[in-house]
Amino acid sequence: MVKRKVAALEKLDADFASLQYKIRRDPKSYKDDFLKQWEQYESQREIFLMSPTAATADSVESFHNMIDLIAHVADCYPQETQTFPDDLKTILTQHHAVIHPELRDKVVGSLVLLRRKEVIDSATVLTTLFPILVSSPSKTLRELLFNKILNDLRNSNSKSINHPLNRTIQTVLYNLVTDDRASPRAIWAIKLTRELWKRQIWTDAKPVDVMKEACLAENEKVVVGAVRFFLGGDKEREELEDESSDDEVDLSKVRHQMGINKKTKKQKKQYDRAVSKVKSMERKNNKPHPLNFSALHLLHDPQEFAEQLFSRHLQSTKAKLSLDSKILVLQLVTRLVGLHKLTVVPLYSWFIKFLSPRQQSVTSFLASLAQGTHNLVPPDVLEPLIQKIANEFVSEASANEVAAAGLNSIREICARQPLAMTDTLLQDLVQYRKSKDKGVMMAAKGLLSLYREVGAELLKKRDRGKDATIGLKDGLQHQRKYGEEDAGGIEGLDLLAKWKEDEKKSKRAAKGLPETAGSDEEKDEDDGFNSSDWEVGSDDSSSSGEWINVSDDEDEAPAPKKQKKGGDASEAEDEDKDEDKEDREAELERMSKLATTTILTPADLAKLQELRAAASVEKAVNGNRRSKRGGGTENRHADDGLTAENIEAPARLRKLTKEEKVALAKEGKPEREEHKSTQAIRKSKKEAAGKSTSNREKQRKKNFLMTLGKAKSKQKRSLVETRRVLRGHVERSTRGGRRRNGM
């Protein structure tokens, strides 16, 4: 009985599939057959709507097949099936909780199919599915609806950005979040927004506003999901972009495989697919790169948002968040404060009660405190915090890990606001560089190196170092005042000025002229203009700022310096310092004149970009040298967040085993299972790429006894036979070998 029933159902499915195929081929000829099926569908729909829970399995299966048939051919009969989408919406909206799961999934799939056939628009589908998504108790249905909504939005924005649809859905999500802040339903708005942001479908400020309102909700899951979006959404987007860029096709490898293997239609199809994929990747790469701003930069009012987050979830005693959730919110608040240089003064006094080694996750609090510090925070607000960290963490009685974490956190805070440190406390903390523990010693030396650049006046003379001592004596290095900012300028302009001067000297040397031009020559050069390279106008301006040594007698060469003894030695040192100071002033004058009196041409800008890239490469090769006057130290974490791992890094290294240290050292380097020669490594790469060995390598590995007979026969060849063999070899080469691969 069961077998007969299954066979009947299979036959019914086959009949529906056959009818569907015939209607798609010739809609006019099979219109009567379709109208009969439509009448059966209407009768079954009325029966089903009368009692959807009492339907039998056979009736559900029949109704399922009817819906499937009509959904596939609805575009062939638009007038007859005009009410079909509304029927599906009614069934799904009113009875999604009680109907059979297979029938429910078929109704959802039919609605999406009608959208794909453009019978209905995306707004109709999405506004139908989304209310069910946030209210359905079925986990499988919610997962299905979420994937259908996401795919429909991706398809709608694949060719061009569908602004009306995006605005409609974003408004729905915004209202879902703001209508009931205590409801957990807003988690679906967060999931959908985060996924579309990661796939770069939504990149404007509207989804950021949705997540901003979600951060201010009362439900903990909603708050944590929205906060994680701001802390990690941009990183997810970059990782997804990197993964998509890695899926590139090696066209040369595919072409090589076609050349050495037998020609087949399958290989040609694979090659054509590879060529089309490479062309599409090239078109994608040639498109202008979208300006993907960070979500933290697209916030409308970060000051108000940070204050609301702090007062609602951290400062308020009514906040019901767990400690881990509070730490996440705190990281977002301090990230906003540090990135936008906001002023939230109560935030720093709130930290006092958490700065203790016994506090759970104390390194996260220390990292958040350093992250929320910038050069506009009043130093008197930070002084009590640094003093408490020093008293609680850095002492002889503290554990080495605790002392290292305290010193690291103080260094990170002072890197952003050096004025928060006092000379007495600094001189005390610097003494820990003599500690026997490597983590404490590294942290103390880092603090010492920092203040040698940003505040050498606070150090004792013996701790300042050579560069800081000379800079203080010459007046080139000084501690910044509160609120002091560097004057704006063009990055790398000094490199461009130096390059122009070197080019001018080399041109004069090629002409046989002295490197330094006289005033008359400078005037002649300034009057000239060469329109071929667009660079002479900017080159000439640099000559007017050169430092020219003028003596009383122009014909007399400058006398060489003599070694002086006693008091004359100090005078010589003073003269050398004066000359160095004059050279620096001349360089600054040359840079300012290049920036203010010369229009940088496109060639100048291209050269400037090239010089910047070369300087960055040289800096990376020579190691991470800190820039003078603390500019690089202060802006190290301007856009990157600070984590607990940065605070406890030396202590973490100290706890690693030998195997973990080796793995950490090998991180980012190519894997080498064993030591091999360069030729062996090249050979293994060749084999991994699917390339075979050359004929010469094959001959080298061939058994000697197998080649012995051929070698003897070669010696007995006549000239006629040798010519015939060579000519055959040339002919085979021209036609692509014995398999004729070149044809």
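None of these values were measured; they are calculated from a predicted model.

Structural notes on the confidence of the model for the chain
Parts of the model with low pLDDT should not have their predicted coordinates read in detail.
Right, so step 1: Considering every residue of the chain, the mean pLDDT works out to 78; 76% of them sit at 70 or more.
Right, so step 2: Low pLDDT, under 50, characterises residues 522–567; the stretch is placed with 51 contacts to residues that sit more than four places away or in other chains.
Right, so step 3: In this model, residues 623–638 is a region of pLDDT below 50 whose contacts with residues beyond four sequence positions or in other chains number 30 contacts.

Some details on the packing of aromatic side chains
Right, so step 1: A complete count under the given rule lists 15 aromatic pairs for this structure.
Right, so step 2: With centroids separated by 5.9 Å and ring planes inclined at 50°, the aromatic side chains of Phe-230 and Phe-305 adopt a geometry described as tilted. With Phe-230 in helix H11 (residues 220–246) and Phe-305 in helix H14 (residues 302–315), the pair connects residues that are 75 residues apart, well separated along the chain. Take Phe-230 and Phe-305: they sit in the same class, and that class is buried.
Right, so step 3: Three or more aromatic residues joined by ring pairs form one cluster here, namely Phe-34, Trp-38, Tyr-41, Phe-48, Phe-63, Tyr-77 and Phe-84.

A word on the nonpolar core
Right, so step 1: Core analysis: the largest hydrophobic core is formed by 137 residues, its most contacted members being Phe-230 and Tyr-451.
Right, so step 2: Broken down by element, this core gets its largest block of residues, nine residues, from helix H15 (residues 323–340).
Right, so step 3: In this structure Tyr-451 touches Cys-414, Pro-418, Met-421, Leu-426, Ala-456, Leu-458 and Leu-459, once residues within four positions along its chain are discounted.
Right, so step 4: Judged by nonpolar contacts, the second largest core, of five residues, contains Leu-493, Trp-499, Leu-608 and Leu-611.

Overview of the pattern of salt bridges
Right, so step 1: A complete count under the given rule lists 11 salt bridges for this structure.
Right, so step 2: As a salt-bridge pair, Arg-45 and Asp-87 come within 3.5 Å of each other at their nearest N and O atoms. Of this pair, Arg-45 sits in helix H2 (residues 31–50) while Asp-87 sits in helix H4 (residues 84–95), placing them 42 residues apart in sequence.
Right, so step 3: Judged by its relative accessible area of 13%, Asp-87 is buried.
Right, so step 4: With its nearest N and O atoms 3.5 Å apart, the salt bridge here joins Asp-68 to Lys-106. Here Lys-106 lies in helix H5 (residues 101–116) and Asp-68 lies in helix H3 (residues 57–73), a separation of 38 residues in the sequence.
Right, so step 5: Since its relative accessible area comes to 21%, Lys-106 is described here as partly exposed.
Right, so step 6: Connected via shared salt-bridge partners are Glu-195, Lys-198 and Arg-199.

Quick notes on unusual backbone geometry
Right, so step 1: The phi torsion at Gln-200 lies on the positive side, around 60°, for a residue other than glycine.
Right, so step 2: Inspection of the secondary structure puts Gln-200 in the loop between helix H9 (187–198) and helix H10 (205–215).
Right, so step 3: On the accessibility criterion, Gln-200 (26% relative accessible area) is partly exposed.
Right, so step 4: In this structure, Lys-341 takes a positive phi of about 55° despite not being glycine.
Right, so step 5: Residue classification places Lys-341 among the partly exposed residues on the basis of a relative accessible area of 35%.

Here we look at the packing of helix H8 (residues 163–179) against H10
Right, so step 1: With their axes 9 Å apart at the nearest point, H8 and H10 run at an angle of 10° to one another. The angle between the axes of H8 and H10 places the two elements in the roughly parallel class. On H10, the residues touching Arg-167, Gln-170, Leu-173, Tyr-174, Val-177 and Thr-178 of H8 are Lys-206, Pro-207, Asp-209, Val-210, Glu-213 and Ala-214.
Right, so step 2: For the contact of H8 with H10, the class distribution of residues is six nonpolar, two polar and four charged.

A closer look at the packing of H15 against helix H17 (residues 362–371)
Right, so step 1: One can describe the packing of H15 onto H17 by two numbers: an axis separation of 8 Å at closest approach and a directional angle of 20°. When the axes of H15 and H17 are compared, the pair comes out roughly parallel. Note on packing geometry: the crossing formed by H15 with H17 is left-handed. Contacts between H15 and H17 pair Leu-323, Ile-327, Leu-330, Gln-331, Thr-334, Arg-335 and Gly-338 from the former with Ser-364, Phe-365, Ser-368 and Gln-371 from the latter.

A look at empty space enclosed by the protein
Right, so step 1: Tallying each qualifying case throughout the model produces two cavities of 30 Å³ or more.
Right, so step 2: Quantified by volume, the second largest cavity comes out at close to 50 Å³.
Right, so step 3: Leu-342, Thr-343, Val-344, Val-345, Tyr-348, His-374, Leu-376, Val-377, Pro-378 and Val-381 together form the lining of the second largest cavity.
Right, so step 4: Taken together, the residues that form the lining of the second largest cavity break down as eight nonpolar, two polar and no charged.

Cut-offs used in this document
Residues numbered from 1 in each chain as written. Predicted model: local features only at pLDDT ≥ 70, side-chain atom pairs only at ≥ 80, totals over all residues. Heavy atoms only, no water. pLDDT = per-residue confidence, 0-100. Contact = heavy atoms within 4.5 Å. Phe/Tyr/Trp six-rings, centres within 6.5 Å; stacked < 30°, edge-to-face > 60°. Helix = DSSP H or I, 4+ residues; strand = E, 2+ residues; numbered from the N terminus. Buried < 20%, exposed > 50% of the residue type's maximum accessible area, 1.4 Å probe, protein only. Core = buried A, V, L, I, M, F, W, Y, C linked by side-chain atoms within 4.5 Å. Salt bridge = Lys/Arg side-chain N within 4 Å of Asp/Glu carboxyl O. Axes fitted to C-alpha atoms, helices over the stretch in contact; angles between N-to-C directions. Parallel < 35°, antiparallel > 145°, perpendicular 65-115°, else oblique. Nonpolar A, V, L, I, M, F, W, Y, C, P; charged D, E, K, R; others polar. Left-handed = near helix turned anticlockwise from the far one by under 90°. 1 Å grid on protein atoms, 1.4 Å probe; cavity = no way out; pocket = protein on both sides within 12 Å on 5 of 7 lines; lining within 4 Å. Points joined across faces, edges and corners; volume = space filled by probe spheres on them.

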